[in-house]
Amino acid sequence: LVPKFLTPEHAKDLLLRSHELLQDFDVKTHPMSVFTTSDKAHVGDEYFLNSSDNVSFFFEPSALEEKHGRTYLVKPKEQAINKFGHALHLYDSEFEKVTVKNPKVEEIVKKLGFLLPRALQSMVICKQPGIGGAVPSHQDGVFLYTNPQSAVGFWIALEDATIENGCLSYAPGSHLTHPITKRFVRRFDKTTDEELGGTEFIYLNGHEETIARLPPDEKLKWVTVECKAGDLVLIHNSVLHRSETNRSEKSRFAYAFHVIEGTAEYDKLNWLQSKVFSTI
Ligand code: FE2
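What this report covers is the structure whose coordinates are included nearby.

What counts as what
Residues numbered from 1 in each chain as written. Predicted model: local features only at pLDDT ≥ 70, side-chain atom pairs only at ≥ 80, totals over all residues. Heavy atoms only, no water. Pairing = 2+ DSSP bridges. Helix = DSSP H or I, 4+ residues; strand = E, 2+ residues; numbered from the N terminus. Axes fitted to C-alpha atoms, helices over the stretch in contact; angles between N-to-C directions. 1 Å grid on protein atoms, 1.4 Å probe; cavity = no way out; pocket = protein on both sides within 12 Å on 5 of 7 lines; lining within 4 Å. Points joined across faces, edges and corners; volume = space filled by probe spheres on them. Nonpolar A, V, L, I, M, F, W, Y, C, P; charged D, E, K, R; others polar. Buried < 20%, exposed > 50% of the residue type's maximum accessible area, 1.4 Å probe, protein only. Expected span 1.5 Å × (residues − 1). Arc of directions from axis to C-beta. Contact = heavy atoms within 4.5 Å.

**Quick look at the sheet that holds strand 8 (residues 168-170)**
So, step 1. If you trace the four strands from one edge of the open sheet to the other, you get 6-13-8-11, paired in antiparallel fashion. At either margin of the open sheet sits one strand with a lone partner, and together these are strand 6 (135-138) and strand 11 (223-225). Going from strand to strand, the sheet's axes swing by 25 degrees on average, the running direction of each strand aside.
So, step 2. As judged from the three bridges shared by strand 8 and strand 11, these two strands associate in the antiparallel manner. Each bridged residue has a counterpart across the sheet, and for Tyr170 the counterpart in strand 11 is Val223.

Structure follows, in structure tokens:
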């Protein structure tokens, strides 16, 4: 946790900008995609796969209702979005300034030893009051896989994050004990190498024993990370982290992006295929 990474005023400006973007997006032309990291819902969803290079909006599943084969929004749209991204740093000047034109980010990536730091997967996570869904325990290296592993998450609170509104929690030391054993990938035909559409999880070779010996998540010690608007949480690619459902009256907006090492291999299996990788 890096306290006061942004001033409270700067965090507030980004929060206001986030609300403007939520106001401005058009529900009528939206395919009503939900966001989930499970391997069921948006798997196969083109809107999700195409979001690498634009600003796309993903609904909370409980903000939508199915009736007579159609999907209806049952919440005001500003309170119905789970997250939006995944290229805010390319398409919104305020988020660009905090990501790729920010000397404080440059200083951190230098201290972390990046040679060619690249920004990707920028998004605002809304964690809406009352319905903001839980994010199950995961490692970011599963979703942004580089060889060698290099992704670091920059998670900036735009509002105070508390236990009540679903702050992050993590398993200390898990980045040392829990290697990346699987990947979230685009589906390809193994024979023709043709892209099939959709995504799936694949297990990495040689990790069957690793998976068998790892303790289940509930046996790990979990630490909550309550923080103030403007604080930064840095997330190692292999650390287990999660957040609970927001059952409070207060939203928990955060801006998150990732930095990967440009000298590491980033292959076509990764779900996120950006035409532009911004160098920090
Ligand atoms: Fe994460």
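On we go from here.
**Here's the deal with empty space enclosed by the protein**
So, step 1. The final tally for this structure, using the stated rule, is one cavity of 30 Å³ or more.
So, step 2. Considering only enclosed or pocket space, the largest cavity measures out at about 40 Å³ in volume.
So, step 3. If you go around the largest cavity, the residues you meet are Ser52, His86, Ala87, His89, Leu90, Ala119, Leu120, Gln121, Leu272, Ser274, Val276 and Phe277.
So, step 4. Only helix 3 (88-91) and strand 5 (117-125) provide two or more residues apiece to the lining of the largest cavity.
So, step 5. In terms of residue count, strand 5 provides more of the lining of the largest cavity than any other element does, three residues in total.
So, step 6. Split by residue class, the lining of the largest cavity holds seven nonpolar, five polar and no charged.

**A closer look at unusual backbone geometry**
So, step 1. Of note, the amide linkage connecting Gly85 to His86 takes the cis form, showing an omega dihedral of 15 degrees.
So, step 2. In this fold, His86 is placed in strand 4 (residues 81-86).
So, step 3. Cis geometry marks the peptide bond from Asn147 to Pro148, where omega comes out at -5 degrees.
So, step 4. Its place among the elements puts Pro148 in the loop between strand 6 and strand 7 (152-157).
So, step 5. Even without being glycine, Lys4 reaches a positive phi, approximately 55 degrees.
So, step 6. For Lys4, the location among the structural elements is in the segment before helix 1 (8-24).
So, step 7. At Asp193, a position not held by glycine, the phi torsion is positive, near 65 degrees.

**Points about the pairing of strand 7**
Remember that side chains alternate between the two faces of the sheet whenever the strand is regular.
So, step 1. For strand 7, the tally of buried residues reaches six of six residues, placing the bulk of the element in the interior.
So, step 2. Of the two faces of strand 7, the one carrying Val152, Phe154 and Ile156 and the one carrying Gly153, Trp155 and Ala157 are both buried.
So, step 3. Relative to strand 14 (residues 254-261), strand 7 runs antiparallel, the two sharing six bridges. Bridge pairing in strand 14 links Ile156 to Tyr255.

**A word on helix 1**
So, step 1. For helix 1, spanning 17 residues, the distance from its first C-alpha to its last is 24 Å, which sits close to the expected 24 Å at 1.5 Å a residue.
So, step 2. All of the buried residues in helix 1 are Ala11, Leu14, Leu15, Arg17, Ser18, Leu21 and Leu22. In a view along the axis of helix 1, the buried residues occupy a sector of 160 degrees, so they form one face of it. Opposite the buried face of helix 1, by more than 90 degrees, sit the exposed residues Pro8, Glu9, Lys12 and Asp24.
So, step 3. Contact partners of the buried residues in helix 1: strand 1 (55-59), strand 4, helix 3, helix 4 (93-99), strand 5 and strand 7.

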